[in-house]
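As a plain string of letters, each chain reads:
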Amino acid sequence: MTHNVLSSKVTVGLDLGDTASRVYAVDAAGECLAEATVATTPAALAQYFSTERGWRVVLEVGTHSPWVSRQLEQLGHEVIVANPSAVYGTRRRRKRNDRLDAEFLARQGRADPRLLHPIRHRSPTAQEHLELLRARNQVVRARTQMINHVRGAVNAQGARLTKCSAEAFAHRAEAELPEALGPAVRPLLELITTLTQQIRQYDAAVGRVVRTTYPTAQRLQQPAGVGPLTALAFVLLVEDPTRFARSRDVGAYFGLVPRLDESSASRPQLRISKAGDGMGRRLLVSAAHYILGPFGPPCDLRHHREAIASRGGKNAKKRAVVAVARKLAVLLHHLWVTEQPYDPQFGRKAKAA
């Protein structure tokens, strides 16, 4: 049966591949109406999905899902982007191929879209600026790996490099490097210098984007430890603050709440879920470390950490840092929604009153 006979009550499962995608369509009664293979290109998808309007198209989040979902919505279809980690868990089905995946998506979308734990893609502009942060993150990670390699190579020679910042490492290591390691390590020091310069260029670009495009990110830098990187990442990853009914829900969005595995009277203490974007979570935790460090000013967040750490128990200090990062995410969302100025002692003043 050709896809021209499909009606507005059709649910289409679209399993996206890098070069070709599988289509499986069912009607309101669950009967298969069409199966096809379509090239994963804008032209081919437009040709297939432009013959009708009003279909419910279900696809999984992936590399191609942002532009495909936008194109299908422009063609007049309802698009549901499924979250595979929530649908399948850590282990996927044993029997799976493109056809089975497309059929599974179609039937799940027909039954109840909530079973697919749908997500919402960011706007093209937000995605473009988010890629700027991700590119910087990759360069930082590459520099960190090189620095760790150089320190390990020097330690293996019975020597040791003094502690210093990553920005000053190449210059400091050049003066302390054992002569025997010069031919092998000096090229790495040159690469580290180049990466440091590139990171500075990324930082300058992030600052320009914040000043020219995201005034909200400027306001969110009021708490100590929250710089342009953290503020911009928070704004881009959340994008729409009204998507959360309560500010406290933002902690779960960044994976900063404990996993849940309750059964009857058993309530084990589990690690955080680490759901959501890893880069955003790391930036929040980094900001929490600064707030709790020697340069962090007195504020409610420091007092919150002290209250948690005083409870004792295993890994109390680590849990306190995560708790502060979670509370910081809640605070940033609250400042965003209310547009109120930040008062670092608001909590203590309220208790005193």
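Residues numbered from 1 in each chain as written. Predicted model: local features only at pLDDT ≥ 70, side-chain atom pairs only at ≥ 80, totals over all residues. Heavy atoms only, no water.

A. Structural view of helix H2 (residues 65-74). Where H2 is concerned, the buried positions are Ser65, Pro66, Val68, Ser69, Gln71 and Leu72. Of the surrounding elements, those touching the buried residues of H2 are strand E1 (11-15), helix H1 (42-49), strand E4 (56-60) and strand E5 (78-82). Following H2 by one or two positions, Gly76 adopts a phi angle in the positive range, close to 95°. (Buried < 20%, exposed > 50% of the residue type's maximum accessible area, 1.4 Å probe, protein only. Helix = DSSP H or I, 4+ residues; strand = E, 2+ residues; numbered from the N terminus. Contact = heavy atoms within 4.5 Å.)

B. The arrangement of unusual backbone geometry in detail. Positive phi outside glycine occurs at His117, with the angle close to 45°. Considering the arrangement of structural elements, one finds His117 in the loop between helix H4 (98-111) and helix H5 (124-156). Of note in the backbone geometry, Glu239 takes a positive phi value of approximately 60° without being a glycine. Mapped onto the secondary structure, Glu239 falls in the loop between helix H9 (228-238) and helix H10 (250-253). Since its relative accessible area comes to 32%, Glu239 is described here as partly exposed.

C. Spotlight on the nonpolar core. Counting 49 residues, the largest nonpolar core has Leu133, Leu220, Leu232, Phe234, Phe254, Leu284 and Leu328 as its most contacted members. Among the elements of the structure, H5, helix H7 (182-213), H9, helix H11 (278-292) and helix H13 (316-338) are those that each provide at least two residues to this core. If we skip the residues at most four places from it in the chain, Leu328 touches Pro223, Val226, Leu284, Ala287, Ile291 and Leu301. Listed in part, the 21 residues of the second largest apolar core include Ala34, Tyr48, Trp55 and Leu59. (Core = buried A, V, L, I, M, F, W, Y, C linked by side-chain atoms within 4.5 Å.)

D. Representation of the sheet that holds E5. Spatial strand order, E3-E2-E1-E4-E5: five strands in an open sheet with mixed pairing. Among the strands making up the open sheet, the edge pair consists of strand E3 (32-39) and E5. The mean inter-strand angle of the sheet, taken between neighbouring strand axes irrespective of direction, is 20°. Running at roughly 175° to E4, H2 makes contact with E1, E4 and E5 of the sheet. (Pairing = 2+ DSSP bridges. Axes fitted to C-alpha atoms, helices over the stretch in contact; angles between N-to-C directions.)

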